[in-house]
Amino acid sequence: MPPTRRCARSRTRRLGNLERVPYPLENAIFQWEDGYRQLQSLSDSRERRLADRVVDAVRVELRRRIGPTFSAAELAELYGRGTDWCLQVAIDVAPAAEGDAQSLADAAFWLYLRGAVDFAGGRQLPV
């Protein structure tokens with residue numbers, strides 16, 4: 001591999017002298033489950049429809065960003081890189097739900113996690 005390509009690749013994985021640390025899956029799952037519980041607790045039908053619209057739109061964007069075949073750790077890594085884009089999705093789809101964008105994003109990640117190749121019903125499978 002030419003040195004310039006190797007250097008370019010290492011710059012994307014490093015911040016100064018620090019290696020990028022993977023986002024802990026356990027932390028992500030805790031946050032995602034909490035977002036899903038908040039989604040389930042919505043009792044107002046109008047509010048729930050708006051929330052479902054946002055969650056569905058975030059799931060579509062997740063599929064675009066990570067694809068249909070992914071591991072739980074890869075999804076956690078995507079989450080760890082930031083979810084600002086989820087706020088934009090919420091604003092685009094249902095501006096009235098903007099205040100709940102993070103919890104709705106977490107709910108969407110939880111629902112998308114169910115499709116991970118190494119995840120089944122709340123536990124990670126050895127692959």
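It should be emphasised that the depicted structure is a prediction, and the values quoted were computed from it without experimental measurement. (Residues numbered from 1 in each chain as written. Predicted model: local features only at pLDDT ≥ 70, side-chain atom pairs only at ≥ 80, totals over all residues. Heavy atoms only, no water.)

Chemist: Break down the overall build of the chain for me, citing the residues and quoting the values.
Modeler: Within the chain, the regular secondary structure consists of six helices and four strands. In sequence order, the secondary structure elements of the chain are arranged as α-β-β-α-α-α-α-α-β-β. The buried share among the 127 residues of the chain stands at 36%. Looking at the chain alone, contacts between residues at least 24 apart form 73% of all its contacts between residues at least 6 apart. (Helix = DSSP H or I, 4+ residues; strand = E, 2+ residues; numbered from the N terminus. Buried < 20%, exposed > 50% of the residue type's maximum accessible area, 1.4 Å probe, protein only. Contact = heavy atoms within 4.5 Å.)

Chemist: Which residues make up the pattern of salt bridges, and what values do they have?
Modeler: For the structure on display, the rule yields four salt bridges. Ionic pairing is found between Asp34 and Arg37, a salt bridge with its closest N-O pair at 3.8 Å. Here the residue Asp34 and the residue Arg37 both occupy positions in helix α2 (residues 25-40), the gap between them amounting to three residues, near one helical turn. One salt-bridge network, in which partners are shared between bridges, spans Glu61, Arg64 and Arg65. (Salt bridge = Lys/Arg side-chain N within 4 Å of Asp/Glu carboxyl O.)

Chemist: I'd love a proper account of the side chain of Thr83, names of residues and values included.
Modeler: Considering the arrangement of structural elements, one finds Thr83 in the loop between α4 (72-80) and α5 (84-93). On the basis of relative accessible area, Thr83 is assigned to the buried category, the value being 12%. Within the structure, Thr83 has its side chain in polar contact with the side chain of Gln102 (distance 3.0 Å). Residues in contact with Thr83, not counting those within four places in the same chain, are Gln102 and Phe109. (Polar contact = N/O pair within 3.5 Å; in protein donor to acceptor, adjacent residues only side chain to side chain.)

Chemist: Quick rundown of the packing of aromatic side chains? Include the residues and the values.
Modeler: For the coordinates displayed, the defined rule picks out seven aromatic pairs. Seen in terms of ring centroids, Trp32 and Tyr79 are 5.5 Å apart; in terms of plane orientation they differ by 90 degrees. Their pairing is edge-to-face. Taken together, the residues Trp32 in helix α2 and Tyr79 in helix α4 connect sequence positions 47 residues apart. Of the two residues, Trp32 and Tyr79, neither departs from the other in class, the shared state being buried. According to the relative accessible area criterion, Trp32 is buried, its value standing at 0%. (Phe/Tyr/Trp six-rings, centres within 6.5 Å; stacked < 30°, edge-to-face > 60°.)

Chemist: I'd like to hear about α2, residue by residue, with values.
Modeler: End to end, α2 covers 22 Å across 16 residues, agreeing with the expected 22 Å (1.5 Å per residue, within 8%). Turning to α2, its buried residues number three or more, namely Leu25, Ala28, Ile29, Trp32, Gly35 and Leu39. Seen end-on, α2 carries its buried residues on one side only, within an arc spanning 130 degrees. Exposed positions of α2 whose direction lies more than 90 degrees from the buried face are Glu26 and Phe30. (Expected span 1.5 Å × (residues − 1). Arc of directions from axis to C-beta.)

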